[in-house]
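# Understanding the architecture of this molecule
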Amino acid sequence: MSFTAVLRSEWTKFRSVRALVLALVSAFVATAGVSVLVCALQRDGDDPGFEPLFASFFGISFGQIAAVCFGALMVAGEYGRGSIGVSLTAVPRRGLLYGAKLAVTAGLVLAAGLFAGVCAFFVGQGVLGDRGVGPGAPGVPRAVLGCGLHLALLAALSAGAAAVLRSPVGTIGLLVPVVCFLSPVLGGDSGSAVGRVAQFLPDRAGQQILHAAPEGLLGAWTGLGVTALWAAAAAGAGWWAMCRRDA
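### Thoughts on the packing of helix α6 (residues 94–128) against helix α11 (residues 220–244)
- Closest axis-to-axis distance for the α6/α11 pair is 9 Å, and the angle between their directions is 145°. Note on packing geometry: the crossing formed by α6 with α11 is right-handed. Across from Arg94, Gly95, Tyr98 and Leu102 in α6, the residues of α11 making contact are Ala234, Ala235, Gly238, Trp239, Met242 and Cys243.
- Its residues placed into classes, the contact of α6 with α11 shows 7 nonpolar, 2 polar and 1 charged.

### Here's the deal with the environment of Leu218
- Tracing the chain through its elements places Leu218 in the loop between α10 (202–206) and α11.
- On the basis of relative accessible area, Leu218 is assigned to the buried category, the value being 9%.
- With residues up to four places along the chain from it excluded, the contact list for Leu218 reads Gln199, Phe200, Ala205, Gln208, Gly223 and Val226.

### Observations regarding the environment of Trp11
- Here Trp11 is to be found in helix α1 (residues 3–16).
- Judged by its relative accessible area of 38%, Trp11 is partly exposed.
- Separated by 94 residues in sequence, Trp11 and Thr105 have C-alpha atoms that sit 9.2 Å apart.
- Filtering out sequence-adjacent residues up to four positions away, Trp11 remains in contact with Val104 and Leu108.

### Structural notes on a nonpolar patch on the surface
- A contiguous nonpolar surface patch, about 550 Å² in accessible area, is contributed by Leu165, Leu174, Val178, Leu182, Val185, Leu186 and Val194.
- Looking at the nonpolar patch element by element, the count peaks at 5 residues for helix α8 (residues 168–186).
- In this fold, Leu165 is placed in helix α7 (residues 140–165).

### As for the side chain of His211
- By the secondary structure assignment, His211 is in the loop between α10 and α11.
- Given a relative accessible area of 17%, His211 falls into the buried group.
- There is a polar contact of 2.9 Å between the side chain of His211 and the side chain of Glu51.
- The contacts of His211, once residues within four sequence positions are left out, are Glu51, Leu53, Phe54 and Arg142.

Conventions adopted
Residues numbered from 1 in each chain as written. Predicted model: local features only at pLDDT ≥ 70, side-chain atom pairs only at ≥ 80, totals over all residues. Heavy atoms only, no water. Axes fitted to C-alpha atoms, helices over the stretch in contact; angles between N-to-C directions. Helix = DSSP H or I, 4+ residues; strand = E, 2+ residues; numbered from the N terminus. Left-handed = near helix turned anticlockwise from the far one by under 90°. Contact = heavy atoms within 4.5 Å. Nonpolar A, V, L, I, M, F, W, Y, C, P; charged D, E, K, R; others polar. Buried < 20%, exposed > 50% of the residue type's maximum accessible area, 1.4 Å probe, protein only. Patch = residues over 30% accessible without salt bridge, like charges linked within 9 Å, V, L, I, M, F, W, Y side chains within 5 Å. Areas by Shrake-Rupley, 256 points an atom, 1.4 Å probe, with all protein chains shown as cover. Salt bridge = Lys/Arg side-chain N within 4 Å of Asp/Glu carboxyl O. Polar contact = N/O pair within 3.5 Å; in protein donor to acceptor, adjacent residues only side chain to side chain.

This is how it looks when you write it as structure tokens:
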């Protein structure tokens, strides 16, 4: 069976499972919706440290939770439903099956994240009025693109972990606290040793690309690169688990 055929199969699985569709829609709604709400609340503010560009992407902290859930359900959902045996019978080449799952997962979240980034920026900046910035401001194209890339990388990280853990609940229960909540807890003091380490956690590092002028040890693209390394490590572990362990 060709890779294209397996991709179509995974696309069909996505469309036929309501929980997957809802998780992907939630990633868009949370990212764009919360960002616009934050911009509305900041419209009449007077905080001198206010960053209008990042305000348009504040909701990504919530959208990434949905992206993690989506990645876990896309890969580990078949183990939970007991249908993984059918998929392996149809596609005996496990690496091919896993690669298609990973590609569909990351691709769908990338598309949803890019759309969310465009909507969050233009609607959010419109809501901000005079406090907002235009599409030609420094860092804007990079941030819109980075919104999609960051969410896609977190979904790929989650998919890899799900292939190892083989449990949607276990994957979500592990990654949501670690990926989404650990860095705000540890990174309060960026000057401390713990704070410096927290800058290399996947969510904190990847979100650097959403700032007009990133601060800290990592820049915009280097931060996203760190998140990509996390995703690659998890994806590699997932490939090993899929190819080497019994179903």
